[in-house]
There are 2 protein chains.
Amino acid sequence: MAAGQRLPSKRALAAQLSISTITVEAAYGQLADEGYIQPRPRSGYFVSPIAAPLAPAPARPEPKAPATPVTPAWFADFADSAAATEDFPFSVWAKIYRETLASRAEALLTRAPAAGVEPLRQAIADHLWSFRGLAVSPGQIVIGPGAEYLYSLLVRLFGTANLFGLEDPGYDKIGKVYAACGAKCAFLPLDEDGVRPDAIRCQQASIVHISPSHHFPTGIIMPIRRRYELLAWADEAPGRYLIEDDYDSEFRLTGRPIPTLFGIDTAGRVIYLNTFSRSLAATVRLSYMVLPPALLRDFRARLGFFSSAVSNFEQYPLAEFIRQGHFEKHINRMRTKYRKRRSQLLAAIRQSPLGKKAQVIEAGSGLHFLLRFDTDQSDDDLTARFQRQGLNLAPLARYYQSPPPASAAHTFLINYAAVKSEIIEEAVRRMAACLEI
Amino acid sequence: MAAGQRLPSKRALAAQLSISTITVEAAYGQLADEGYIQPRPRSGYFVSPIAAPLAPAPARPEPKAPATPVTPAWFADFADSAAATEDFPFSVWAKIYRETLASRAEALLTRAPAAGVEPLRQAIADHLWSFRGLAVSPGQIVIGPGAEYLYSLLVRLFGTANLFGLEDPGYDKIGKVYAACGAKCAFLPLDEDGVRPDAIRCQQASIVHISPSHHFPTGIIMPIRRRYELLAWADEAPGRYLIEDDYDSEFRLTGRPIPTLFGIDTAGRVIYLNTFSRSLAATVRLSYMVLPPALLRDFRARLGFFSSAVSNFEQYPLAEFIRQGHFEKHINRMRTKYRKRRSQLLAAIRQSPLGKKAQVIEAGSGLHFLLRFDTDQSDDDLTARFQRQGLNLAPLARYYQSPPPASAAHTFLINYAAVKSEIIEEAVRRMAACLEI
């Protein structure tokens, strides 16, 4: 029908098609709601003018192969920083989830504040007190679906006029996330104690992101002197902050946990950040940060209108999981497991031909160390050789933004948390074979 | 001890304190790891120089009252756009969750791509085909924890050089989220068909965020002619996109669902966005968007490194919930419920003194309508009066960024989804009392 044309009356069309007038009425009503026809008082319905041709009805596309690129399955993936997955506490988790659904229906359906639900923040505050000696109030804690989300909140909080200083070398994803969120980043060179205060000053960064308990990938533990130097830098001018990424502090396998920078900060210049994605499973998206009071006011005033990005259906069960002591038990069990795995791997290296041709570089913290090979092969050649043997190893040089120093050559990162015990000996044998020893 | 001072030998200290040498060794090792002391080969341990005074051990703060501001409990909250909570399908959800934990342990612990897990994207694609007639491939779907998160992804995708055009009046949170993410926003005036293409051109917006199926708060359904005008605008120059926020299309209560803009877009200029936070519960943080192919390539290249921000422990159960037909059943049940609630509310208004002193403005879509009162009271006075009666009502004028037109006065938004049936008559009675009728 052409624009402006009058439609048959409802009664006429109903008679013509032998259907009820109510059906025609519903159809005309729907066409009018969508704007195809217009009613005019006392004269009926008229076709609306529409500028464009009507699109043909879409055909359902053929089901295609999954469009997501498939990642290769490695025999052993030492480049993946995931946690071990075989010990996820499924039965306890299922039990707590069921109980939460049964007993907390109303809370589950009540909107959470931007920073997360109170019981989870309380459970985390209690955990930080007993495990990290940190005295924080639940109100200072902000929960988010993964550390990346919290980084993006920090960019929103500080704004993109600030220069974010990042460790170089470092975990490349941190810089990518900050940059994707619009932040300007400066890469700060390290010495053997971690980030250098003179480099921060020279580059004029105002927000500095560090992992003082266990630097990734070098494993450096920042000594107490350097920590005080950084705190002094932060306290020199307003608007300077340190983000302490405490990502695997639960897994120091020798000695006691390294105390936090947050704990010795008396000026409110440190944001503490940690994640359950590392300690429970990478697929549980739950991280948190602790804001100093001044930032907390800012967060509430400027970002408090956001919805919490973590479902209540995850927050309440996790709160119970921690409160009932299961998180601590899980961490302890995993620490024992990782300690065994690390010893097994170190022994396998020592006992293989690698023992004389590779040097382990570590400080006993966290779930990775470095392995420096005595070889003439380039890092690229060696990486390719490893890959042909089903081994995924990332060279240390890859984690530098600036040109890597000569000392970084022949050095590879060994993430062992997700490498199963039963393949360790074979993985080390293949590694040695790649070095032709 | 002073900087540079030598510590007693391990053996001497062990003897002096009558403890084992191993204990002293562990303590010295920890102090060295943290940087308090330094070993020198063949001469023992020496105190490191530290610039700052050591901080005193923190005292655990007294437990405080919850720091989160408490929201007042209303007798009836018509300003809250939350869904009804009394019908959340707890028992089905619990059953599916338990089954997923029991049968999909490996998938649950395998990292999800940035856009979400395949089975959920497949389930959503199937749902969009059968419910919305949209032929999309699962690979086009991006899952995120809430619409706000997806808005922030879109800002990252388009960059902050683009001007985002938003409906005025509109849902105020959308603009706040875009602005918090660093996007520049322009507010676009509406006419009775929705956003005006000449306003988009005049303000030079390049990304326009609209809800054509059911505009918030006016309830406008964008007619087909205006849709083609907007598509023509988008197709005129590269880099122009329309974001179709289809937030409550499941709940058109009269007639059939309004077809989407996405479905008639042949040029790949529309991003379709919808959320389960609205159809299941506000506390389930799960939304999705469908990207046209060109943007999909961009998303994968520039944002594909992000981790999915939704836990697998939510994604897999929801995929099953949809696949087994429970989502459709839930939607149908809720639609019936909302239809009853709406009729009850409209009848209560009609039968009360308001029947003659208030006009209902709506187009039969979604879970809110407007109520215009025949009154001399100002919106502020009336809002305050309502509040004293335990009624939370937001005036339409509040949703304008520009000065609201005179026609917006005395008009209030009625979100009825979360207002329980048993209080509707009393709420209407109190409303009428506030109007002194």
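Model, not experiment: these values are computed from the prediction. Positions within a chain are numbered from 1, following the residues in the order the chain's sequence is written. Chain A is the first chain written and ligand 1 is the first ligand written, with later ones labelled in order. Under the rules for a predicted model, residues below a pLDDT of 70 receive no local features and side-chain atom pairs below 80 are neither given nor counted, while totals for whole chains, interfaces and linings still include all residues. Excluding hydrogens and water, the side-chain values take into account all heavy atoms of the structure.

1. Focus: the overall build of chain A
Here is step 1: Helix numbers and strand numbers start at the N terminus; a helix is a DSSP run of H or I with at least 4 residues, a strand a run of E with at least 2. Across its full length, chain A holds 16 helices and 16 strands.
Here is step 2: Here the radius of gyration uses the C-alpha set of atoms, whereas the globule reference equals 2.2 Å times the residue count to the power 0.38. In terms of overall dimensions, chain A is more spread out than a globule: its C-alpha atoms have a radius of gyration of 29 Å, far above the 22 Å expected for 437 residues.
Here is step 3: For the C-alpha atoms alone, the extent of chain A along its principal axes is close to 95 × 55 × 50 Å.
Here is step 4: To sort residues, take the accessible area from a 1.4 Å probe on protein chains only and compare it with the maximum for the residue type: under 20% means buried, over 50% means exposed, and anything in between is partly exposed. For chain A, with 437 residues in total, the buried portion stands at 57%.
Here is step 5: Whether two residues are in contact is decided by their heavy atoms: any pair within 4.5 Å suffices. If you take every contact in chain A between residues at least 6 apart in sequence, the share linking residues at least 24 apart comes to 71%.
Here is step 6: For chain A, the accessible surface area stands at approximately 18100 Å², while carbon and sulfur atoms represent 53% of it. Accessible surface is estimated by sampling points in the Shrake-Rupley manner with a 1.4 Å probe; for residues, cover comes only from the protein chains shown.

2. Some points on the relation of the copies chain B and chain A
Here is step 1: Between the two copies, chain B and chain A, the superposition gives an RMSD of 0.1 Å; the rotation angle is 180° and the shift along the axis is 0.0 Å. Put plainly, the chains are arranged around a two-fold axis.
Here is step 2: Counting the interface residues of chain B, we find that 100% of their copies in chain A are interface residues as well, pointing to one common contact surface. The superposition of copies rests on a least-squares fit of C-alpha positions from residues with pLDDT of 70 or more in both.

3. Focus on the domain arrangement of chain A
Accessible area lost upon the coming together of the parts is a frequently used measure of interface size.
Here is step 1: In this entry, domain limits derive from an automatic or database-based domain assignment. For chain A, the assigned domains read domain 1 (1–57), domain 2 (76–81 + 329–434) and domain 3 (88–324).
Here is step 2: Of note, the centres of domain 1 of chain A and domain 2 of chain A, computed from C-alpha atoms alone, are 72 Å apart.

4. Here we look at the side chain of Asn415 of chain A
Here is step 1: As for its position among the elements, Asn415 of chain A is in strand β16 (residues 411–415).
Here is step 2: Leave out the neighbours within four places in its chain, and Asn415 of chain A touches Asp77, Phe78, Ala79, Asp80, Ser81, Phe216, Leu367 and His368 of chain A.

5. Details of the sheet that holds strand β11 (residues 287–290) of chain B
Residue and element names in this part refer to chain B.
Here is step 1: Two strands pair if DSSP finds at least two bridges between them. Pairing is mixed in the open sheet, where eight strands are placed in the order β4-β11-β10-β9-β8-β5-β6-β7. Both edges of this open sheet fall to β4 (141–144) and β7 (194–195), since each of them pairs with a single strand only.
Here is step 2: Both strand β8 (residues 207–210) and strand β9 (residues 241–245) contribute to a ladder of four bridges, which runs parallel. Bridging across to β9, Ile210 finds its partner in Glu244.

6. Regarding the side chain of Lys173 of chain B
Here is step 1: Tracing the backbone through its elements, the reader meets Lys173 of chain B in helix α7 (residues 172–180).
Here is step 2: By relative accessible area, which is 17% here, Lys173 of chain B ends up buried.
Here is step 3: Excluding anything up to four places from it in sequence, Lys173 of chain B contacts Phe305, Phe306 and Ser307 of chain A together with Glu148 of chain B.

7. Let's talk about the sheet that holds strand β15 (residues 394–395) of chain B
Residues and elements named next belong to chain B.
Here is step 1: What the four strands build is an open sheet, ordered β12-β13-β16-β15; its pairing is antiparallel. The sheet terminates laterally at β12 (358–361) and β15, the two strands that pair on one side only.
Here is step 2: Here β15 runs beside strand β16 (residues 411–415); their pairing, made up of two bridges, is antiparallel. Along β16, the bridge assignment pairs Pro395 with Phe412.

8. Looking at the packing of aromatic side chains
Here is step 1: The rule is short: rings of Phe, Tyr and Trp, with Trp giving its six-membered ring, pair when the centres are within 6.5 Å, and they are stacked under 30 degrees, edge-to-face over 60, tilted in between. Applying the stated criterion across every chain yields a total of 48 aromatic pairs over all chains.
Here is step 2: Ring centres 3.4 Å apart and planes at 0° place the aromatic pair Tyr97 of chain A and Tyr97 of chain B in the stacked group. Note that Tyr97 of chain A is positioned in helix α3 (residues 90–103) and Tyr97 of chain B in helix α3 (residues 90–103), a pairing that runs across two chains.
Here is step 3: Residue classification places Tyr97 of chain A among the buried positions, given a relative accessible area of 2%.
Here is step 4: An aromatic cluster is built from Phe88, Phe90, Trp93 and Phe321 of chain A together with Phe313 of chain B, whose rings are joined through pairwise contacts.
Here is step 5: By definition, being over a ring means that NZ of Lys or CZ of Arg is both within 6 Å of the ring centre and within 35 degrees of the ring normal. The positively charged end of Arg40 of chain A is found above the aromatic ring belonging to Phe46 of chain A, 3.8 Å away from the centroid.

9. Let's talk about the interface of chain B and chain A
Here is step 1: Taken together, the contact pairs 88 residues of chain B with 88 residues of chain A.
Here is step 2: Summed over both sides, the interface between chain B and chain A buries roughly 7400 Å², with carbon and sulfur atoms accounting for 61% of that surface.
Here is step 3: Once two parts are put together, the accessible area they lose, assessed with a 1.4 Å probe and summed over both, is termed the buried area. Contact with chain A buries surface across chain B, with Arg60, Leu109 and Thr283 of chain B losing the most and accounting together for 10% of the total.
Here is step 4: By definition, a salt bridge exists where a carboxyl oxygen of Asp or Glu is found within 4 Å of a side-chain nitrogen of Lys or Arg. Along the contact surface separating chain B from chain A lie four salt bridges.
Here is step 5: Any pair of nitrogen or oxygen atoms within 3.5 Å is treated as a polar contact; in protein, a donor-acceptor pairing is required on top of that, and neighbouring residues in sequence qualify only through side-chain atoms on both sides. On inspection of chain B and its partner chain A, the count reaches 30 residue pairs in polar contact (both at pLDDT 80 or more).
Here is step 6: Sort the elements by how many residues they give to the side of chain B that touches chain A and helix α5 (residues 118–132) of chain B lands first, with six residues.

10. Considerations on α3 of chain B
Here is step 1: The span expected for a helix works out to 1.5 Å for each residue beyond the first. Here α3 of chain B contains 14 residues, and its C-alpha end-to-end distance of 20 Å stays within 8% of the 20 Å for a straight helix at 1.5 Å per residue.
Here is step 2: Listing the buried residues of α3 of chain B in full gives Phe90, Trp93, Ala94, Ile96, Tyr97, Thr100 and Leu101 of chain B.
Here is step 3: For α3 of chain B, the elements touching its buried residues are α3, α4 (105–109) and α12 (312–323) of chain A together with α4 (105–108), α12 (312–323) and α13 (326–351) of chain B.

11. Description of the state of the cysteines
Here is step 1: To count as a disulfide, a pair of cysteine sulfur atoms needs to be within 2.5 Å. Within this structure, the stated rule accounts for zero disulfides over all chains.
Here is step 2: Not engaged in a disulfide, the cysteine Cys181 of chain A finds its nearest cysteine sulfur in Cys181 of chain B; these two sulfurs lie 8.1 Å apart.
Here is step 3: Taking the relative accessible area as the measure of exposure, Cys181 of chain A reaches 13% and is therefore buried.

12. A closer look at the environment of Pro257 of chain B
Here is step 1: Note on placement: Pro257 of chain B falls in the loop between β9 and β10 (270–275).
Here is step 2: Taking the C-alpha atoms as reference, Pro257 of chain B lies 81 Å from Leu17 of chain B; in sequence the two are 240 residues apart.
Here is step 3: Not counting chain neighbours up to four residues away, the residues in contact with Pro257 of chain B comprise Gln30 and Glu34 of chain A together with Phe131, Arg132 and Arg252 of chain B.

13. A few points about the confidence of the model for chain A
Here is step 1: On a scale of 0 to 100, pLDDT captures the predictor's confidence in every residue. Scored by pLDDT, chain A comes out at a mean of 91, with 95% of its residues at no less than 70.
Here is step 2: With a pTM of 0.91, the predicted complex shows an ipTM of 0.90.

14. With respect to helix α2 (residues 21–34) of chain A
All names here are of chain A.
Here is step 1: The end-to-end C-alpha distance of α2, which contains 14 residues, comes to 20 Å, matching closely the 20 Å that a straight helix rising 1.5 Å per residue would cover.
Here is step 2: Val24, Tyr28, Gln30 and Glu34 are the residues of α2 that are buried. An end-on view of α2 places all buried positions within 160° of arc, on one side of the element.
Here is step 3: One side-chain oxygen of the residue at the start of α2 lies 3.1 Å from the amide nitrogen of Ile22, identifying that residue as Ser20.
Here is step 4: Within two residues after α2, Gly35 carries a phi angle of roughly 90°, on the positive side. Comment: arc refers to directions from the helix axis out to C-beta atoms.

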